[in-house]
Structures are given as structure tokens and as C-alpha cells.
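Below are the chains, spelled out letter by letter.
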Amino acid sequence: MEISVLSVLVVGAVCALTALASHVGVAVFNDGVRPFVPEFLEGRMPRPEYALAVFGMCIGFIASVGIGNALATNLLNPWLLFLATDIIGAICPKKWLAAIAGAAWGILCLVGLSGINTVLTFMPVDLIGALGELGTYIVTGFALFPVVAIIMQFGWKRGIITAVIALLSRVFGPMLTFGPTQASISADAWTLLVGVIALVAFAVQKDLKNKDRSSDELDGNLFSERVGRIRKNAPFLMVGGALIAVMCNLHFFAGSDVSMFSLSEAYYSATGAEAASLIQSAAINELFRGISFIPLIAVTAITTGVYGVAGFTFVYVAGYLSPNPIVAAALGALIIFVEVMLLGLIGKWLGRFPSLRDAADNIRSAMNSCVEFALLFGSLNAVIVMGNQIGNPTLAFAIAAAIYYVNEITGRKIMRMAIGPVFAVATGLILNLLYVVGLVAIVA
């Protein structure tokens, strides 16, 4: 990761702004924190109690998902930056202190991550190169989430039918070409497209058959005051959206686990057309992930009057695909403005299609399951690659397996989404330590 004056200024500004947003209750990143904000703002929860609650809900994700994925990809991520600024904003008693502490945290993460990766690069057992295996199956695994979501909501029969059609499209779809350039759609994109179409079709069909189930709980003016508060803060939120999009565009930040590994490969390994293809795949995956989070973010925003620091997360997509930071900033601000203006309408629409709203929960669970599975396999690949360097892949596997089993038995202190990268990094460090003391030797 190259550190420039611009990257330092941008990450400092983003984290200062998000910490300030958390402090004044305009926006937070953690969806679980959002319902607590009105309790604090309206005086029903004192700041020390509020800060303790926010700290407890965020610190585990920072230590596992945030730090683990940052080391694995050499990219900053929202769990590392924005969960920390949620905490900073809640703890700091003054606005100016929250902004300064937030900026300091962002710059520390940027400089510290680059320094740590520089140190890891010089280790005898190649840890950084092996960690490139982590994202091998992420895109393929993520593309199957609609099939899992369909099974969860509509039963295994429809799920199997969708899986068969999706896999057939994966085989035959890339053979189709379009336009004068004879462009084709990738196998993973075909799988994802077919699955999403089937999922939406099943949900809409169910609602049309059960019109009496439709709900207007988000309709009318019930939450108009909360929506009005968010719209009042639109300029503030737009600045945040612009800065986050710029941060994505500068190639040192990734928005989620479904894009960060592809982006890491695109920025640090691939070149030319291959890099462009990886960035496009990351943007597509990020887009679908953002769509799945609309119900959760919209409903919690409407009911609390507190928005997400990255909105519906479409600003990430704008940042990835924009040709330069200026365009990224303009698009990021525009996207947040449109989201905020449409927030009330989205709430009403979700109230009329309960099956789609219910599907969002299943989609998020399915996404997590698919990415966890793919990331676990990629992490094991990385471990085996490191083991091969010392001619003893079973030793590397044993170390990784021991870490995984301890985590499972002790109640998953590190969440499954992060345990793969964590045991991969830990295995690499342990193998290097064994090399230093003379217990293993480099053979490849």
C-alpha cells in the first residue's frame, strides 16, 4: 500500500467525520448500535452507559474481522475504521475531541497497516504471498448465496431446482457473447444473476398470492419525524459519502468481505484487463450485497432517525468504478442524497412486500454462510502453501486446525467470518518463529 499525502488527508477526514457523526447521533456504522442512539440523545441513557454498550457491540468485530482482514488483504475496511469511530464518538465528551481522535485513529491504521505488511514481507516463510490464496473462492462462493436463501425461505425443492439452473448457466452462460467486441459474462456472474432472479420471483409470487399478508407498518406518517431528521442532516451525510467513495477510489479501502479479496488481487497482483475484471466483479458483488442490506438499514434508519455512515453502501461501488477521485466524490455525494430522499418511499414499499423484507434476513444469513465457507477453504489453501515452503504442510494444517478448534470449543471468541484469516496469519507467524529457532527449514 502506497501512502500519499492525499490518502492520509482523506482517511483522516473520513474518520474525523464518522466519529463526529457518531458523537452527535447523525449516523453510525454498526446497525446494532443504531437503536441505542435515540435512547442516548433523548436522555434515557447516560453517556457512560451508552459508550459501554457501543464498545461491547463493536470491539469484537474490530479485533477479529477488522484487523484480520486488513492484514490478509493489505486494505483498510469498515470494521477496522468505522466501528472504531462509532466507539470514539460515543466515548468522547466533546465534538472537537471526537473529530481529532477519529482522524488520529484513521491515520494510525493507514500508516500502521503499511508498516506491518512491510515487516511481514521480509519473513523467511512467505506469509504475504500465501495470504493471496484467501480470496480464491470468495466470488464463486458468494454467487451461490441466492440458492441458500431460497432453501431457507422457500424450501429445499425450489432451492435444488434453482441450484441446477444456476449451475447449468455457469457452464453454458459464458459461451454466449454480446456486441461487436464479443464480450461475455463470467461464470460467477451467471450463477449470481440466475439465483437473484429466482429469489425475487419466488418472493413476489408469494406476496401476490397472499395479499392479505401485506403490511403498512412502515407506511403513512408514523416515522415522518425520524425521516425528516435524516433529511435535515443530508448535507453532512453527503460529505461523508463523497469522502468514502474517494477512499475506495484511491485503492487502500474495501467496503466488505465480498469485494476486498478481489480488490486486493487487482491492486497488488493483477494487471491490465485482469485487474479491471477483478474490480468489476468486486463492484457487482458489492452492489448485490448493498441491495440485500436495504431493508435492514432503511427500517432501522426510519425507526431511529439515525443513518448509516456509508448509507446503503452503494458509495463503495461508485468508488471502485469511478475513473478518478473527483468523479468518485461527486457520485458518492449524489448517491447518499438520492438514498436519503427516497428513504420514506423505500419504507412504504417494504411494508407492502413482506416476503421481500423477510428475504433480506435470509439473504444476509446466506451471504455470511457462503462467504464463511469460501473464506475457510481459501485460508486453508494459504496455510498449505506456507506448509509447503517448509516441506511439512501437515504441520501447518495442524497449527491452523488447533486454532480453529480452540475457537469453536471456547464459544467462538473470534467469529467464523474472521477465524480463517486469523488462523492463516497466526500459522504464518508461528512457522516463522519455528524457523528462527531452527525447528523447521525452508525447502521451497
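That block above? That's the structure.
Given the structure is predicted, the values throughout are model-derived calculations rather than measurements.

Student: Help me understand the overall build of the protein in this model?
Tutor: Counting secondary structure elements, the protein contains 19 helices and two strands. Taking 2.2 N^0.38 as the reference for a compact globule, 444 residues should give roughly 22 Å; the C-alpha atoms of the protein span a radius of gyration of 22 Å, in line with that estimate. Taking the principal axes of its C-alpha atoms as reference, the protein extends roughly 70 × 55 × 50 Å. Sorting the 444 residues of the protein into buried and exposed places 52% on the buried side.

Student: What's the story with the environment of Asn368 in this structure? I'm lost.
Tutor: As for its position among the elements, Asn368 is in helix α17 (residues 354–389). Linking Asn368 and Val258, residues 110 residues apart in sequence, is a C-alpha distance of 9.6 Å.

Student: What should I look at first to understand the layout of surface pockets in this one?
Tutor: Put simply, the largest pocket is a space of about 650 Å³. If you go around the largest pocket, you meet 31 residues; those closest to its centre are Phe29, Asp31, Trp79, Arg289 and Phe293. Looking at the lining of the largest pocket, the elements with two or more residues in it are α3 (47–73), α4 (78–91), α14 (272–304) and α17. The element best represented in the lining of the largest pocket is α17, accounting for five residues. Residues of the lining of the largest pocket, tallied by class, amount to 18 nonpolar, seven polar and six charged.

Student: Explain empty space enclosed by the protein here, please?
Tutor: Any empty space left between the atoms is revealed when a probe the size of a water molecule rolls over them. Counted by the stated rule, this structure contains one cavity of 30 Å³ or more. Forming the boundary of the largest cavity are Leu17, Ala21, Ala27, Phe236, Leu237, Gly240 and Val309. Secondary structure elements with two or more residues in the lining of the largest cavity: α1 (5–24) and α12 (234–249). No other element matches the three residues that α12 contributes to the lining of the largest cavity. Class assignment for the residues of the lining of the largest cavity results in six nonpolar, one polar and no charged.

Student: What am I meant to see in the packing of aromatic side chains here?
Tutor: Pairs of aromatic rings are described using the distance from one ring centre to the other and the angle between the two planes. Scanning all chains against the criterion turns up nine aromatic pairs. When the ring of Phe253 is compared with that of Tyr316, the centres are 5.9 Å apart and the planes differ by 55°; the resulting orientation is tilted. With a gap of 63 residues between them, Phe253 in the loop between α12 and α13 (260–268) and Tyr316 in helix α15 (residues 314–321) connect regions that are remote in the sequence. Note on Phe253: relative accessible area 0%, which makes it buried. In textbook terms, an aromatic cluster arises when at least three aromatic residues are bridged by ring pairs, as seen for Phe29, Phe82, Phe253 and Tyr316.

Student: For this particular structure, what's the right way to read a nonpolar patch on the surface?
Tutor: Together, Ile151, Trp156, Ile160, Val164, Leu168, Val171, Phe172 and Met175 line one region of the surface with nonpolar side chains, adding up to about 810 Å² of accessible area. Looking at which element gives the most residues to the nonpolar patch, the answer is helix α9 (residues 156–172), with six residues. For Val164, the position within the fold is in helix α9. Overall, Val164 belongs to the partly exposed group, its relative accessible area being 44%.

Student: Looking at this model, I keep getting lost on the pattern of salt bridges. Mind explaining?
Tutor: Side-chain pairing between opposite charges can occur once the charged atoms of the two side chains come close. Taken as a whole and judged by the stated rule, the model has four salt bridges. The partner of Glu42 in a salt bridge is Arg44, and the shortest N-O contact between them spans 2.6 Å. Judged by its relative accessible area of 49%, Arg44 falls in the partly exposed class. The salt bridge partner of Arg412 is Glu408, with a shortest N-O separation of 3.2 Å. A relative accessible area of 23% places Glu408 in the partly exposed class. The network of salt bridges with common partners includes Glu39, Glu42 and Arg44.

Student: It is not clear to me how α9 should be interpreted in this structure. Could you clarify?
Tutor: Because each turn of an α-helix spans 3.6 residues, side chains separated by three or four positions in sequence point in the same direction. If you check α9, its first and last C-alpha atoms are 24 Å apart, about what 17 residues at 1.5 Å a residue would give, namely 24 Å. The secondary structure elements touched by the buried residues of α9 are α8 (145–154) and α10 (187–209).

Student: Looking at this structure, how should I read the nonpolar core?
Tutor: For soluble globular proteins, nonpolar side chains are generally found buried alongside one another. Ranked by internal contacts, the top residues of the largest apolar core, which has 123 residues, are Leu76, Phe82 and Tyr316. Excluding residues that lie within four positions of it along the chain, Phe82 makes contacts with Val14, Thr18, Phe29, Ile244, Met247, Phe253, Val309 and Tyr316.

Student: Is there a simple way to think about unusual backbone geometry in this case?
Tutor: Backbone phi values are negative for most residues with the exception of glycine, while trans is the configuration of most peptide bonds. Positive phi values are uncommon outside glycine, yet Thr313 reaches one of about 75°. Its place among the elements puts Thr313 in the loop between β2 (307–308) and α15. Its identity as a non-glycine residue notwithstanding, Arg412 has a phi of 55°, on the positive side. Secondary-structure assignment places Arg412 in the loop between α18 (393–409) and α19 (416–436).

Student: What's the story with the packing of α1 against α4 in this structure? I'm lost.
Tutor: Two packed helices can be described by the angle between their axes and the distance between those axes. Remark: α1 packs on α4, axes separated minimally by 7 Å, with the N-to-C direction vectors making an angle of 45°. Here α4 runs oblique to α1, going by the angle between their axes. At the point where α1 passes α4, the crossing takes the right-handed sense. Across from Val11, Val14, Cys15, Thr18, Ala19, Ser22 and His23 in α1, the residues of α4 making contact are Leu81, Phe82, Thr85, Asp86, Ile88, Gly89 and Ala90. Split by residue class, the contact of α1 with α4 holds eight nonpolar, five polar and one charged.

Student: Help me understand the packing of α8 against α10, please; the structure alone is not making it clear to me.
Tutor: Taken N-terminus to C-terminus, the directions of α8 and α10 make an angle of 25°; their axes are 8 Å apart at the nearest point. One element, α8, and the other, α10, form an angle in the roughly parallel class. Where α8 crosses over α10, the two elements pack in a sense that is left-handed. From α8, Phe145, Pro146, Ala149, Ile150 and Phe154 reach across to α10, where they touch Leu192, Gly195, Val196, Ala198, Leu199, Phe202, Ala203 and Lys206. The residue inventory of the contact of α8 with α10, partitioned by class, reads 11 nonpolar, one polar and one charged.

Thresholds, definitions, all that
- Residues numbered from 1 in each chain as written.
- Predicted model: local features only at pLDDT ≥ 70, side-chain atom pairs only at ≥ 80, totals over all residues.
- Heavy atoms only, no water.
- Helix = DSSP H or I, 4+ residues; strand = E, 2+ residues; numbered from the N terminus.
- Rg over C-alpha atoms; globule rule 2.2 N^0.38 Å.
- Buried < 20%, exposed > 50% of the residue type's maximum accessible area, 1.4 Å probe, protein only.
- 1 Å grid on protein atoms, 1.4 Å probe; cavity = no way out; pocket = protein on both sides within 12 Å on 5 of 7 lines; lining within 4 Å.
- Points joined across faces, edges and corners; volume = space filled by probe spheres on them.
- Nonpolar A, V, L, I, M, F, W, Y, C, P; charged D, E, K, R; others polar.
- Phe/Tyr/Trp six-rings, centres within 6.5 Å; stacked < 30°, edge-to-face > 60°.
- Patch = residues over 30% accessible without salt bridge, like charges linked within 9 Å, V, L, I, M, F, W, Y side chains within 5 Å.
- Areas by Shrake-Rupley, 256 points an atom, 1.4 Å probe, with all protein chains shown as cover.
- Salt bridge = Lys/Arg side-chain N within 4 Å of Asp/Glu carboxyl O.
- Expected span 1.5 Å × (residues − 1).
- Contact = heavy atoms within 4.5 Å.
- Core = buried A, V, L, I, M, F, W, Y, C linked by side-chain atoms within 4.5 Å.
- Axes fitted to C-alpha atoms, helices over the stretch in contact; angles between N-to-C directions.
- Parallel < 35°, antiparallel > 145°, perpendicular 65-115°, else oblique.
- Left-handed = near helix turned anticlockwise from the far one by under 90°.

Purely geometric numbers; function is a separate question.
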